[in-house]
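# A closer look at the structure
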Amino acid sequence: MFSIVLLLGLAGAISACGSGDDDNEPSTLHADLQVILEDLVARGVTPGVALAVASNEGPTWLGAAGVSDVEQKLPLSAQHHFRAGSILKTLVATAVLQSVERGTLALDDTLTERLPASVTDRIPNAETITVAMLLSHRAGVAEWVTNEKIQAIVSNPEHVWTLDEILGAVEAQSATFPPGTGYSYSNTHYVLLGEILSTAEGRSWREIVRERVIQRAGLSQTQLPESGDLGCPTPCARGYVPVDEALADLTFVDPSMAGASGGHALVTTVSDLTTFLRQLRAGALFERAETLETMLAFQSAPDPESRQLGYGLGAMQLESNGVVSIGHLGSTAGYQSFMLYVPKTGRYITGYINVMGDLAAVLVPILDRAGRP
């Protein structure tokens, strides 16, 4: 536990790496973004923040500010690894859509057609819930990560969570709404997608995502550790959760805590997330252009807190002060992250803070600047 007061005065621990202008635009863009990062640390919004900005033309600019380790006051760099939380949902959705392309799965397959009764008997309305509904958070399955489960994760971060425990938390709740009649973000949807993917392909969803998404996209600094593996490659940014005006270090939570929905399961860097989003938008991860179009066919899914307008199949559509972006946000114990493309300026914006805090305070100024020349 470390006093949050230590965050003040750490703005000088700054690391920035400018590898040239994106789009050959004025370098004031990068200078302005670096000032934003330093200000976030100086105001105590986060111990550290890292950012990558790129376009389809020119190299990637990397910036960072603050510290990766509050106790040792080690500076954070844009090369540090971190836990990307729910950004994993986009990678899992990509793998599921690849299986649809191959004919192994169909978007209108139901839970009862794809999973055994030992699972589906514990899910309300399983016979009418489809793969497409799970991908788009329109299945109405209750969120298993309740306040009680969050307390359990914090109390015992090394606990390996089982599917039986997850289903038990769902059983104790009613369905959010009849399948297909509304939108409600639920990590349970993607836990079930992981089970569907594993069952359909006859091997672990982690193996499939590693081979067909991570390796295919060339993400050399990205890992998907197995349950029980709490490791994080060096350099690794530590992740913090505010508790009574202090910071609890929750860097090492078991990767099973959220299954295929995210949590601590995906370890990556801002540069790798930029590469992934570029490859995805270019269609390099699918065999047909129609698949990407289906993924990015956004349905209304308003969430003012996150600035979300719509949700597709594993992808978000956000809007902040008139700047629209697409991609995904991530949140897990100690980290909050974003992986976004801004159509207005053709820029890719990926980054994270190493604290559970106010992500909007980070995203709004960054998107405001990234949405201008």
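The following refers to the structure shown. (Residues numbered from 1 in each chain as written. Predicted model: local features only at pLDDT ≥ 70, side-chain atom pairs only at ≥ 80, totals over all residues. Heavy atoms only, no water.)

### What to know about the state of the cysteines
- A full pass over the atoms with the stated rule returns one disulfide.
- The disulfide partner of Cys-232 is Cys-236, and the S-S distance across this bridge is 2.0 Å. In this structure, the disulfide formed by Cys-232 and Cys-236 twists by about 95° around the S-S bond and is classed as right-handed.
- Look at Cys-232 and you get buried, because its relative accessible area is 17%. (Disulfide = S-S within 2.5 Å. Buried < 20%, exposed > 50% of the residue type's maximum accessible area, 1.4 Å probe, protein only.)

### Re the packing of aromatic side chains
- Summed over all chains, the structure comprises five aromatic pairs.
- Ring centres 3.9 Å apart and planes at 15° place the aromatic pair Phe-82 and Tyr-352 in the stacked group. Highlighted residues: Phe-82 in strand E6 (residues 82-83) and Tyr-352 in strand E15 (residues 347-353), separated in sequence by 270 residues.
- Each member of the aromatic cluster is reached from another via a ring pair, and the members are Tyr-183, Tyr-185 and Tyr-311.
- The lysine or arginine in question, Lys-89, covers the ring of Tyr-190, its NZ or CZ lying 5.8 Å from the ring centre.
- The residue whose ring lies beneath Arg-281 is Tyr-341, and the NZ or CZ to ring-centre distance is 3.6 Å. (Phe/Tyr/Trp six-rings, centres within 6.5 Å; stacked < 30°, edge-to-face > 60°. Helix = DSSP H or I, 4+ residues; strand = E, 2+ residues; numbered from the N terminus. Lys NZ or Arg CZ within 6 Å of the ring centre and 35° of its normal.)

### Quick look at the pattern of salt bridges
- For the structure on display, the rule yields 10 salt bridges.
- Between Glu-171 and Arg-122 there is a salt bridge, and its shortest N-O distance comes to 3.1 Å. With Glu-171 in helix H7 (residues 163-171) and Arg-122 in the loop between helix H4 (117-120) and helix H5 (131-135), this pair connects stretches of sequence that are 49 residues apart.
- Since its relative accessible area comes to 44%, Glu-171 is described here as partly exposed.
- By relative accessible area, Arg-122 is classed as buried at 19%.
- Between Glu-211 and Arg-203 there is a salt bridge, with the nearest N and O atoms lying 3.0 Å from each other. (Salt bridge = Lys/Arg side-chain N within 4 Å of Asp/Glu carboxyl O.)

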